[in-house]
Structure formats: structure tokens, C-alpha cells
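Here are the chains, one letter per residue:
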Amino acid sequence: MDVQEFQKKLGELCRMAESQNKTVTAQQVREFFSGMELDQGQLLKIIQYLKVQGITIEGAGIPDTEGEEKEPERKAIPLTPEEKAYLKEYREGFSSIAQSEESLEELFQALADGKEDAKAALAGRYLPVAAELAVQMNCEEILLADLIQEANLCLLDALIQPEPVLKNDGWLRREMIRGIGKVIEEQTEQKLHDDSLVARVEKLDNAIRELSEDEEDGKAKFSVNELAIILDMDVEEMKDILRLTGDDK
């Protein structure tokens, strides 16, 4: 992939979004990068970057060949030896959970009938499934142990949903996958934001150091407005970063 061409297209896409009230469609994103042979994971990263920039993406799911939107596929990150050990111990804990003798069909019907004990029974049955889904969707942004806990929360949230009336194994798995994917996306966006903030802080810190080298007392004689012009930053952004670094005195 030509990095310069990619950056140029990304800049053009951001400018187009600005002209459209900071909104683009997923189709426009794909069209902008057509011919660059980007996979779904790379398209997802672009969409996440745009969201960090405050740009709304309409229809952000990546459609399949029949036009139906699916959750973007994610390549699971291999488990570390420590994660494998944790997972083994976690799985062993399921052996102590008493399982209901009712079939899944009976439990889902009881859930549809509003029976509270069905929620607990289904939760016990699907905790191992939640863990396996978390393993399949393992990522760099979240520790496996935390991702499994998030998967468990997604399971419990799904079981208390009033809709749909008809619930089954496929529905519950889809709800967990959707919930886990949302958590991963939120963490990815937060990481992109944090990385961007760190980069801006480092840029400002380096500039202050460089501009201070020629001063006898080691302190640069410039205003925030002047530094903002030098670094091509917004003044308010500059002030926020200076407050973070403790250099706003």
C-alpha cells in the first residue's frame, strides 16, 4: 500500500466529511479507498479514526456480498502463555456450577414466559460460551481477563432484554458477539485518542525544549499564542496540553 496515497485519500475524505456536516457513509469510505486492497480490519481502523475526529459514519457495518450488514471480522490475537494459564483455570471453575436439567429449548421458552430462574439457568449454561467468544475475539486493546468479564456482562444484559419475545441460541450468541465488538471498538477509539494526545504532548514538550535551548535561564520567552502558531495547534488545545504537563504557569 502506498502510504502517501493513503494519507492523501484520508485527508480528502476528512475534508469531504467537513463539507457534509462531519458525516460520511460507509460506502463513501470504501469508494475512497477502492483499489488499495484494504481488508475489513483496515477499513474498521479507518472508520475508528474518523470517529475519533468527530466524524459520523452512517452504515458503518461492512456489507457482505448480498448487501446485508455484518459486524467487521476481527483477527483474534494469539494468547500469551499467561493468558492460556488464566483461561485453563477459568474453565476449570465451570465444573463447580450446577447445571439445570432442562433443555435449551425449554429454558428459552421459560425465559420468554418471564420466569426469573430461567435467566440464571441460561447464564450458567452460557458463561463458558461467553469465554470462548472472548477468546475468539481476543484483541490488543483489552486484556483477555477483562474481555471475558465484558463478555459475561454482555450475556447478562442480553438475558434481561424484553425484546425479542422469541429468543434462542443463535440470538444469544449474536447479542454477545455484538456486545463484545462494541466494547472492543470503544476501547480502540479510546486508545487512538490517548495515543493522539500523547503524540501532541510530546510534540509540545519537544518544541518547548528546543525553543528553550538558546535562552540563558533555560526558559523560553514566548506566549501560548506564539507557540500555537509555531506548532500549528489550536490555542485552546495548547492550553489544555500545557495544563496536563504542568507548564501553564
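Starting afresh in each chain, residues are numbered from 1 along the sequence in its written order. A pLDDT threshold of at least 70 governs which residues receive local features in this predicted model, and a stricter bar of 80 or more applies before side-chain atom pairs are shown or counted, although totals over entire chains, interfaces and linings include all residues. Side-chain measures here rest on the full set of heavy atoms in the structure, leaving out hydrogens and waters.

Describe the packing of helix α6 (residues 116-136) against helix α7 (residues 144-159), and please don't skip the residues or the numbers.
Here an angle of 0 to 180 degrees is reported between the N-to-C directions of two axes, which are lines fitted to C-alpha atoms, with helices fitted over the stretch in contact. Only DSSP runs of H or I reaching four residues or more are called helices, and only runs of E reaching two or more are called strands; each is numbered from the N terminus. For the pair α6 and α7, interaxial distance at closest approach is 8 Å and the crossing angle is 145°. Classified by chirality, the crossing of α7 by α6 is right-handed. On the side of α6, the interface is formed by K119, L122, A123, Y126, L127, A130, A131, A134 and V135, while α7 contributes L144, L147, I148, A151, N152, L155, L156 and L159. Considering only residue class, the contact of α6 with α7 consists of 15 nonpolar, one polar and one charged. Note: crossing handedness is left-handed where the near helix turns anticlockwise from the far helix by less than a right angle, and right-handed where it turns clockwise. Only heavy atoms enter the contact rule, under which two residues are in contact if any of them lie within 4.5 Å. Only Asp, Glu, Lys and Arg are considered charged in this grouping, and only Ala, Val, Leu, Ile, Met, Phe, Trp, Tyr, Cys and Pro are considered nonpolar; every other residue, Gly among them, is considered polar.

Could you give an account of the packing of aromatic side chains, with specific residues and numbers?
Here the aromatic set is Phe, Tyr and Trp, taking the six-membered ring for Trp, and pairing holds for ring centres within 6.5 Å; pairs whose planes are under 30 degrees apart are stacked, those over 60 apart are edge-to-face, and all others are tilted. Throughout the structure, instances matching the rule amount to three aromatic pairs. An angle of 85° between the planes, with centres 5.1 Å apart, marks the rings of Y90 and F94 as edge-to-face. The pair formed by Y90 and F94 is uniform in burial state, with each residue classed as buried. Plain terms: the ring middles of F108 and Y126 are 6.1 Å apart, the flat faces sit at 65° to each other, and that makes the pair edge-to-face. The cut-offs for exposure are 20% and 50% of the maximum accessible area for each residue type, with area from a 1.4 Å probe on protein chains only; residues under the lower value are buried, those over the upper are exposed, and the others partly exposed.

Residue-level account of the confidence of the model for the protein, with values.
On a scale of 0 to 100, pLDDT captures the predictor's confidence in every residue. Mean pLDDT over the protein works out to 75, with 64% of the residues at or above the 70 mark. Averaged pLDDT values for the elements of the protein fall to 40 in strand β3 (residues 62-63) and rise to 93 in α7. Across residues 60-72, where pLDDT falls below 50, the model places 21 contacts with residues more than four positions away in sequence or in other chains.

Lay out the nonpolar core in plain terms, naming residues and giving numbers.
Residues belong to a common nonpolar core when they are buried Ala, Val, Leu, Ile, Met, Phe, Trp, Tyr or Cys residues joined through side-chain atoms within 4.5 Å. Among the nonpolar cores identified, the biggest contains 36 residues, and Y126, L172, M176 and I180 are the most heavily contacted of them. Per-element tally for this core: the top contributor is α6, with 11 residues. Here Y126 is in contact with L104, F108, L155, D169, L172 and M176, once residues within four sequence places are set aside. Grouped together as the second largest cluster of nonpolar side chains are 18 residues, F6, M16, I55 and I57 included.

Quick rundown of the packing of helix α5 (residues 104-112) against α6? Include the residues and the values.
In a pair of packed helices, the angle between the axes and the distance between the axes together describe the arrangement. Contact pair α5 / α6: the axes reach a minimum separation of 9 Å and the direction vectors enclose 140°. For the element pair α5 / α6, the angle class is oblique. Helix-helix and strand crossings are classified by hand; for α5 and α6 the assignment is left-handed. For the pair α5 and α6, contact is made by L104, L107, F108, A110 and L111 and by A118, K119, A121, L122, R125 and Y126, respectively. Here the contact of α5 with α6 is built from residues that sort into nine nonpolar, no polar and two charged. In these notes the angle categories are as follows: under 35 degrees is roughly parallel, over 145 is roughly antiparallel, 65 to 115 is roughly perpendicular, and the rest is oblique.

Explain a negative patch on the surface to me, using residue names and the numbers behind them.
Judged by side-chain charge, E101, E102, E105, E106 and D117 come together as a negatively charged surface patch. Among the structural elements, D117 can be located in helix α6. In this structure D117 comes out as exposed when scored by relative accessible area, which is 57%. Residues with no salt bridge and a relative accessible area higher than 30% make up the patches, which join like charges within 9 Å and nonpolar side chains (Val, Leu, Ile, Met, Phe, Trp, Tyr) within 5 Å. To be clear on the numbers: accessible area is Shrake-Rupley with a 1.4 Å probe, and residue cover counts the displayed protein chains and nothing else. The working definition used for a salt bridge is a side-chain nitrogen of Lys or Arg within 4 Å of a carboxyl oxygen of Asp or Glu. The sign given to each residue is positive for Lys and Arg and negative for Asp and Glu; His and the chain ends receive no count. A charged residue contributes its charge at one atom only: NZ of Lys, CZ of Arg, CG of Asp or CD of Glu.

Can you lay out helix α4 (residues 81-92) for me, pointing to particular residues and giving the numbers?
One less than the residue count of a helix, multiplied by 1.5 Å, gives the span that helix is expected to have. Here α4 is 12 residues long and its end C-alpha atoms lie 17 Å apart, about the 16 Å a rise of 1.5 Å per residue gives. Every buried residue belonging to α4 is among E83, L87 and Y90, and all of these are buried. End-on, the buried residues of α4 take up no more than an arc of 65°, which puts them together on one face. In α4, the exposed residues that point more than 90 degrees away from the buried face are P81, E82, K84, K88 and E89. Buried residues along α4 sit in contact with α6 and α7. Taken from the helix axis, the directions to the C-beta atoms give the arc we talk about.

Can you tell me about the pattern of salt bridges, naming the residues and giving the values?
Taken as a whole and judged by the stated rule, the model has six salt bridges. Ionic pairing is found between K22 and E18, a salt bridge with its closest N-O pair at 3.7 Å. The class for E18 is partly exposed, based on a relative accessible area of 49%. Here R178 makes a salt bridge to E175, at a shortest N to O gap of 2.6 Å. You can see R178 and its partner E175 sitting in helix α8 (residues 169-212), three residues apart, about one turn around the helix. The class for E175 is buried, based on a relative accessible area of 18%.

Would you mind going over α5 in detail, with residue names and values included?
In an α-helix, one turn spans 3.6 residues; hence positions three or four apart end up facing the same way. What α5 keeps buried is the set L107, F108, A110 and L111. Each buried residue of α5 sits inside an arc of 155° when the element is viewed along its axis, so together they form one side. Phi for G114, located one or two positions after α5, is positive at around 85°.

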